[in-house]
Amino acid sequence: MAPPTHPWKILLARPSPWPDKVLALLRAGNPAAAIAQIKVAPGVRELRALEKALAAAKLAGRWRDVDIAIAESLQALSAPRLHRSP
């Protein structure tokens, strides 16, 4: 019998739906909306997940502006002086 799982562990293990939504915008042919979402990304974790999703879908490098927006947002969110509260 497996030990009981704590509720907080279940919440932490759940992936964010944000990268999938941005990927759907790109697949629908709306890179401008995807870039707008990338600029207000919730965090570095979600941006990294988006990068992985783009690579897995073989879409990395297809939109130059999207790649630039991801890089700029990663840089901005990784800077210690720029912190977004939830």
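Keep in mind it's a predicted model, so treat the numbers as computed, not measured.

J.: I'm lost on the overall build of the protein chain in this one. Help?
T.: Along its length, the protein chain carries five helices and zero strands. Among the 86 residues that make up the protein chain, the fraction classed as buried is 28%. Counting contacts in the protein chain only where the partners sit at least 6 residues apart, residues at least 24 apart contribute 67% of the total.

J.: Honestly, the environment of E46 in this entry has me stumped. Any pointers?
T.: The topology assignment puts E46 in helix α4 (residues 44–56). For E46, a relative accessible area of 11% gives the class buried. A C-alpha to C-alpha distance of 6.2 Å links E46 and P19, two positions 27 residues apart in sequence. Filtering out sequence-adjacent residues up to four positions away, E46 remains in contact with S16, W18 and P19. Of the polar contacts made by the side chain of E46, one reaches the backbone nitrogen of G43; its length is 3.3 Å.

J.: Mind showing me how you'd approach the nonpolar core here?
T.: Note that soluble globular proteins tend to have their nonpolar side chains buried in a common cluster. Residues W18, I38, L47, L50, L54, V66 and I70 are the most contacted members of the largest nonpolar core, which totals 19 residues. Here this core takes five residues from helix α5 (residues 64–78), the largest share from any one element. Setting aside residues up to four positions removed in sequence, V66 forms contacts with L26, P31, I35 and I38.

J.: Sorry if this is basic, but what is going on with the confidence of the model for the protein chain here?
T.: For any part of a model where pLDDT is low, the fine detail of the predicted coordinates should not be relied upon. Per-residue confidence for the protein chain gives a mean pLDDT of 85; residues scoring 70 or more make up 78%. Taken element by element, the predicted model of the protein chain shows its lowest mean pLDDT in helix α1 (residues 7–13) (57) and its highest in helix α3 (residues 31–39) (96).

J.: Whenever I open this one, helix α2 (residues 18–27) confuses me. Can you help?
T.: Because an α-helix completes one turn every 3.6 residues, residues spaced three or four positions apart along the sequence face the same direction. Buried within α2 are the following residues: W18, P19, V22, L23 and L26. The arc that holds every buried residue of α2, seen down its axis, measures 135°, which confines them to one face. Turned more than 90 degrees away from the buried face of α2, the exposed residues are D20, K21 and R27. Where α2 is buried, its residues touch α3, α4 and α5. One or two steps after α2, the chain reaches G29, where phi turns positive at roughly 85°.

J.: When you look at the side chain of S73 in this model, what are you seeing that I'm missing?
T.: The residue S73 is located in helix α5 in this model. Judged by relative accessible area, which is 9%, S73 ranks as buried. If we ignore the near neighbours within four places in the chain, the residues touching S73 are I38, K39 and L47.

Calculation notes
- The residue numbering used here restarts from 1 in each chain and proceeds along that chain's sequence as written.
- Only residues with pLDDT of at least 70 get local features here, since the model is predicted, and only at 80 or more are side-chain atom pairs given and counted; chain-wide, interface and lining totals rely on the full set of residues.
- In computing side-chain properties, one takes all heavy atoms of the structure into account and sets aside hydrogens as well as water.
- A run of H or I in DSSP becomes a helix once it reaches four residues, and a run of E becomes a strand once it reaches two; helices and strands are each numbered from the N terminus.
- Exposure classes here rest on a 1.4 Å probe applied to the protein chains alone. A residue is buried below 20% of its type maximum, exposed above 50%, and partly exposed in between.
- Pairs of residues are marked as contacts when any of their non-hydrogen atoms sit within 4.5 Å.
- Two N or O atoms form a polar contact when they lie within 3.5 Å of each other; inside protein one atom must be a possible hydrogen donor and the other a possible acceptor, and for residues adjacent in sequence the pair counts only when both atoms belong to side chains.
- Side-chain atoms within 4.5 Å are what join buried Ala, Val, Leu, Ile, Met, Phe, Trp, Tyr and Cys residues into a set we call a nonpolar core.
- Values of pLDDT, the confidence the predictor places in each residue, fall between 0 and 100.
- It is the directions from the helix axis to the C-beta atoms whose arc is reported.

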